[in-house]
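Okay, here's what each chain looks like letter by letter:
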Amino acid sequence: MKTRHLIDLDDLSLDEINQILDLAKVIMAHPPYYLDSCHGKLMATLFYEPSTRTQMSFQSAMLKLGGQVIGFDNPGNSSVSKGESLKDTVRVVSNYADVVVIRHPKEGTAKAAGMFSRAPVINAGDGGHLHPTQTLTDLFTLLNTKGRLDHLAVGFCGDLKNGRTVHSLIKTLIRYPGSRFILISTPELALPDYLKDLVRAAGCDYTECASLYDAIGDVDVLYMTRIQQERFASREEYEKQKGAFVLDTETLKRARYGLKILHPLPRVDEIDYAVDDDPRAVYFEQTEYGMFARMALILHMLDGSKKQLDARPESNTPHRCANPRCITSTESYLPRLFKKTDGGLFCEYCDAAQPAGGGEEGR
Ligand code: CP
């Protein structure tokens, strides 16, 4: 059966991902053919957290397909400000819309929303967890600029702990043969262990490194990210990491001729403005590729979709996740969902490892 919701790109087979990318290429070549593809369809964008690219590229994508858009970009102007739960908001909005795009600061929100939505839900970023449509953007950018998605040495630089775009892209690139990663961060902002375990389990190589200057010569792709101020517990903690990595023209002299520099944006201070003029910098093209990728995704998600509520796991036991940034910390009705692996017990909403003996084991 076709995937109804896009919470994680793991919800799609590699064939489906490649089909979406192929469709994006056709749409990009012939936009007028698709002007009426979504005539009569409505997309709701529920943005509980700020956004420029994701929100506007989804909106542009739907409008260019002939559909229409409703939603909010400030929950303070919606009934969320009166205390309405995620469950009720999504249940109501999915009565109006044919597809629901949601961004939220809490990890696992899109998964939770999918349980109560009658329309397909697309994860537009859930806290520091995942951002699958940015990954479609990144893959489509790589296809168009590098010409392939396999056998790439990719350097990820910056906030690898909180960077949801990094998490989603790594989870997807390990599905393509020959992917290799250089993880460039401070120890405090290193990639979470559960993702390193996935990379190892997929048989991919990775190395960790604290110097962009040392690593840049070894990569085909450099994926820069900002230090995510909004995910830090305090301003003081952020200040300790701020400015840790800056890509400037001097550092770029050590890079390969065919390097491609990607960045999900927004940029703060991690790429010097002088780098923008280097032909290897493709982060502004990336934003346009993202719109075509989202047009293809919308068509894929709406194709044959019917309004329905999915079956939910029944549980009278409250879900208690150890991660305070998990959506279950604020939405108390969510059913209990943990998965047990050789590596321990993990929350199925946010993927956080649960401490041994934390009370959830064996329930
Ligand atoms: N890349 C990205 O998610 O940007 P926005 O936060 O502006 O949507």
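Details of the structure are given in the entry above.
Attention in this report is confined to the structure presented alongside it. Small disclaimer: the values here were computed from a predicted structure and weren't measured.

Turning to empty space enclosed by the protein, a few remarks are in order. The gaps left among the atoms become clear once a water-sized probe is rolled over them. Counted according to the given criterion, the structure contains 1 cavity of 30 Å³ or more. The computed volume of the largest cavity comes to approximately 60 Å³. As for the largest cavity, its lining consists of Arg53, Ser57, Gln134, Thr137, His263, Pro264, Leu265, Tyr283, Gln286, Thr287 and Arg294. Taken together, the elements giving at least two residues each to the lining of the largest cavity come down to helix H2 (53–64), helix H5 (132–145) and helix H11 (283–302). Ranked by residues supplied to the lining of the largest cavity, first place goes to H11 with 4 residues. Of the residues belonging to the lining of the largest cavity, the class tally is 3 nonpolar, 6 polar and 2 charged.

The next thing to look at is the environment of Arg175. Mapped onto the elements of the fold, Arg175 is located in the loop between helix H6 (164–173) and strand S6 (180–184). Expressed as a C-alpha distance, the spacing of Arg175 and Pro192, which sit 17 residues apart in the sequence, is 19 Å. In terms of polar contacts, Arg175 uses its side chain to reach the backbone carbonyl oxygen of Leu12, at 2.7 Å.

This part takes up the packing of H5 against H11. Where H5 contacts H11, the axes come no closer than 8 Å and their chain directions differ by 115°. Between H5 and H11 the crossing geometry is right-handed. Contact residues: Thr133, Gln134, Leu136, Thr137, Asp138, Phe140, Thr141, Asn144 and Thr145 in H5; Gln286, Tyr289, Gly290, Phe292, Ala293, Arg294 and Leu297 in H11. Residue composition of the contact of H5 with H11, by class: 6 nonpolar, 8 polar and 2 charged.

As a further point, take the site of the ligand. In the neighbourhood of the ligand, the contacting residues comprise Ser51, Thr52, Arg53, Thr54, Arg103, His131, Gln134, Pro264 and Leu265. Taking Thr54, its side chain carries an N or O atom lying 2.7 Å from an oxygen atom of the ligand. Between the ligand and Arg103 there is a distance of 2.9 Å, counted from an oxygen atom to a side-chain nitrogen or oxygen. Taken together, the residues that form the shell around the ligand break down as 2 nonpolar, 5 polar and 2 charged.

Glancing now at the sheet that holds strand S4 (residues 121–126). Ordered by their spatial adjacency, 4 strands build an open sheet running S2-S1-S3-S4, and the pairing between neighbours is parallel. Each end of this open sheet is capped by a strand with a single partner; those strands are strand S2 (68–72) and S4. Here the average twist between neighbouring strands, direction ignored, is 15°. Across 5 bridges, the pairing between strand S1 (residues 42–47) and strand S3 (residues 99–104) is parallel. Paired with Met43 across the strands is Val99, a residue of S3. Along the sheet, H2 contacts S1, S2, S3 and S4; its crossing angle with S1, the most-contacted strand, is approximately 175°.

Conventions we followed
Residues numbered from 1 in each chain as written. Predicted model: local features only at pLDDT ≥ 70, side-chain atom pairs only at ≥ 80, totals over all residues. Heavy atoms only, no water. 1 Å grid on protein atoms, 1.4 Å probe; cavity = no way out; pocket = protein on both sides within 12 Å on 5 of 7 lines; lining within 4 Å. Points joined across faces, edges and corners; volume = space filled by probe spheres on them. Helix = DSSP H or I, 4+ residues; strand = E, 2+ residues; numbered from the N terminus. Nonpolar A, V, L, I, M, F, W, Y, C, P; charged D, E, K, R; others polar. Polar contact = N/O pair within 3.5 Å; in protein donor to acceptor, adjacent residues only side chain to side chain. Axes fitted to C-alpha atoms, helices over the stretch in contact; angles between N-to-C directions. Left-handed = near helix turned anticlockwise from the far one by under 90°. Contact = heavy atoms within 4.5 Å. Near = heavy atom within 4 Å. Pairing = 2+ DSSP bridges.

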